[in-house]
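Commentary on secondary and tertiary structure
Here are the chains, one letter per residue:
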Amino acid sequence: MEYIYILREALVWLITIFWLYQIGISLCSLVKLKEKPLKVKKDHKFMAVIPAHNEETVIGNLVESLKNQNYNKDLYDIYVIADNCTDNTARIAKQAGAIVYERYDEVNKTKGYALDWFLQQKIKENAPYDAVCIFDADNIVDKNFITAMNKKLCQGEEVVQGYRDIKNPTDNWITSGYALFYWTMHRFYHLARYNLGLSPLLNGTGFMVSFDIIKENNGWKTITLTEDIEFSLQRILKGKRLGWSTEAIVYDEQPTGFKQSWSQRSRWTVGHMQCMKEYTNKLFDAAKEKKTMMNIDGFLYIIGSIPMFVITLVLLFSNFILYAADGMTQTEFILNILRFLVPTFVLPSATAAFVMYLDGKPIKPMIKGFFTYPLFMGSWLLINFKCLFKRETSWEKITHNRSIKIDEVNQEEIIEVEKV
């Protein structure tokens, strides 16, 4: 029994130090920094790249929003990679004004393979672009996105994640859960690290990469299901910091069905586990050799999800063992359980509300979401637990049941602000 006490105390200290570090970093998001000076003054040439598999419902709206950018129309081109499509994605994208590349590969079907296939061709062509902006087909893009990314390029930043907002945050408890999760991560993870001089991470869509970086990498070289995180870790290993832009806004549609959400988040968890296997030792060695906070923070990120989740499970299980063996009183047992339940299920909703207040988002439409957010996060814990034993790696398409234009999103935001 003594060994259980010692192990438990050690794990408590470990997890406490880890979360105190995260809280300390998050506080840096509250500091407003001066704008970085421009290193050059130039209107760069961009390509907007959209990998798409059977996205006829939404692809037209994305292309339309990109065509309406407040940026010189001669300085960006819109490409759609119609990847193994069996619907009208290619035809609709062409009609909307995109340059369409059709790809058929029954073995290598993921977004990473499609991007590499396309970018390899652009490298061979020595295409005259300065940077690549990558989107998902269900996105719609704020009219100032490319302008904001051009400013980042002029400031010398080579890889920059834009602000990934949500098209449909109030559809149901699932979409509100995604929205609260992303809004919290944007401020307390990405912005906080950017302010502190550490590295944010790419977040799946709405990001920009210098074409020179693509050329150096000879394309898009990733092997995991979470190619965005993997690419970020590759940059951090090289000592290269990623950038962040709250002005480059892209709107993403979240799944409304629980089955689809479960499948999507399972894939993300498995992808994170793949990154752990591939990069944990490399990140540890980089942190040990380079001794920079950015490398240390990258290592803490990769061990901060599944390993800390397992430690939490061990601590919870130890409470039950000690209580069953009369090693703690009922009051101590209840208090120890609450120490885990409150931070896990209560604080995230309060934190999300605080973030919305800081970012000036209307809180009233999301009140129901605050109460259901613990259910969303709890289901994610179940997904993590399931993936410890069963890891599904198959990709399942997210069905888009409606078409939302950029003007509709902007109008909804105006209406909600006026109500508040």
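Treat the numbers as computed from the prediction; the structure is a model and nothing was measured.

The next thing to look at is the overall build of the protein. When its secondary structure is counted, the protein shows 15 helices and eight strands. For 420 residues, the compact-globule estimate of 2.2 N^0.38 gives 22 Å, and the protein sits close to it at 22 Å. When the backbone C-alpha atoms are referred to their principal axes, the protein occupies close to 75 × 50 × 50 Å. Classification of the 420 residues of the protein by burial places 54% in the buried group. Looking at the protein alone, contacts between residues at least 24 apart form 80% of all its contacts between residues at least 6 apart. If you sum the accessible surface of the protein, you get close to 20000 Å²; carbon and sulfur atoms cover 60% of it. Both charge centroids of the protein, one from 49 positive and one from 47 negative side chains, sit 3 Å from each other.

Okay, the environment of E64 next. Along the polypeptide, E64 turns up in helix α2 (residues 59–67). Residues E64 and W244, 180 residues apart in the sequence, show an inter-C-alpha distance of 25 Å.

According to the stated counting rule, one finds zero disulfides in the structure shown. Cysteine C154 remains unbridged, with the sulfur of C133 as its closest cysteine sulfur at 13 Å. Judged by relative accessible area, which is 5%, C154 ranks as buried. Of all cysteine sulfurs in the structure, the one in C275 sits closest to C387, which takes part in no disulfide; the separation is 14 Å. A residue is classified by how much of its surface remains accessible, and C387, at 0% relative accessible area, is buried.

To continue, consider the environment of I302. Considering the arrangement of structural elements, one finds I302 in helix α10 (residues 293–303). Placed 26 residues apart in sequence, I302 and M276 show a C-alpha to C-alpha distance of 6.0 Å. Excluding its chain neighbours within four sequence positions, the residues that come into contact with I302 are L233, H272, C275, M276, T280, L283 and P307.

Once that is clear, we can look at the sheet that holds strand β8 (residues 243–252). The mixed open sheet is built from eight strands, whose spatial order is β3-β2-β1-β4-β7-β6-β8-β5. Strands at the two margins of the open sheet, each flanked by one partner only, are β3 (99–103) and β5 (140–141). Across two bridges, β5 lies against β8 in antiparallel orientation. Along β8, the bridge assignment pairs V141 with V250. Lying on the sheet, helix α4 (residues 111–125) is in contact with β1 (46–52), β2 (76–83), β3 and β4 (131–134); it crosses β3 at an angle near 120°. Strand contacts of helix α5 (residues 145–154): β1, β2, β4, β5, β6 (159–166), β7 (207–210) and β8, with the helix running at about 160° to β8, the strand carrying the most contacts.

On to helix α13 (residues 347–359). Given 3.6 residues per helical turn, the α-helix brings residues three or four places apart onto the same face. Across its 13 residues, α13 extends 18 Å between first and last C-alpha, which sits within 8% of the 18 Å expected from 1.5 Å per residue. Buried residues of α13: P348, S349, A352, V355 and M356, and no others. Down the axis, α13 shows its buried residues gathered within 120° of arc, on one side only. Contacts made by the buried residues of α13 are with α6 (173–196), α12 (330–345) and α14 (367–387). Following α13 by one or two positions, G360 has its phi on the positive side, about 70°.

Considering every residue of the protein, the mean pLDDT works out to 90; 93% of them sit at 70 or more. The low-confidence segment residues 414–420 (pLDDT under 50) makes four contacts with residues lying over four places distant or belonging to another chain.

All right, on to the pairing of β2 then. The buried count for β2 comes to seven of eight residues, which makes it a mostly enclosed element. Strand direction decides the pairing type here: β1 and β2, joined by seven bridges, are parallel. For M47, the partnering residue across the bridge sits in β2 and is D77. Handedness of the crossover joining β1 and β2 through α2 is recorded here as right-handed. Strand direction decides the pairing type here: β2 and β3, joined by five bridges, are parallel. What sits directly across from Y79, in β3, is I99. The handedness of the β2 to β3 crossover, carried by helix α3 (residues 89–96), is right-handed.

We now examine the pattern of salt bridges. As enumerated under the stated definition, the model contains 18 salt bridges in all. For R103, the salt bridge goes to D105, with nearest N and O atoms at 3.7 Å. Judged by relative accessible area, which is 4%, R103 ranks as buried. Classification of D105 as partly exposed rests on a relative accessible area of 22%. Its salt-bridge partner being K282, residue E278 comes within 3.3 Å of it at the nearest N-O pair. Here the residue E278 and the residue K282 both occupy positions in helix α9 (residues 258–290), the gap between them amounting to four residues, near one helical turn. Overall, E278 belongs to the partly exposed group, its relative accessible area being 32%. A single network of salt bridges, built from pairs that share partners, joins E35, K151 and E247.

Rules used in this analysis
Residues numbered from 1 in each chain as written. Predicted model: local features only at pLDDT ≥ 70, side-chain atom pairs only at ≥ 80, totals over all residues. Heavy atoms only, no water. Helix = DSSP H or I, 4+ residues; strand = E, 2+ residues; numbered from the N terminus. Rg over C-alpha atoms; globule rule 2.2 N^0.38 Å. Buried < 20%, exposed > 50% of the residue type's maximum accessible area, 1.4 Å probe, protein only. Contact = heavy atoms within 4.5 Å. Areas by Shrake-Rupley, 256 points an atom, 1.4 Å probe, with all protein chains shown as cover. Lys, Arg positive; Asp, Glu negative; His and termini not counted. Charge placed at Lys NZ, Arg CZ, Asp CG, Glu CD. Disulfide = S-S within 2.5 Å. Pairing = 2+ DSSP bridges. Axes fitted to C-alpha atoms, helices over the stretch in contact; angles between N-to-C directions. Expected span 1.5 Å × (residues − 1). Arc of directions from axis to C-beta. pLDDT = per-residue confidence, 0-100. Right-handed = clockwise from strand over helix to strand, strands pointing away. Salt bridge = Lys/Arg side-chain N within 4 Å of Asp/Glu carboxyl O.

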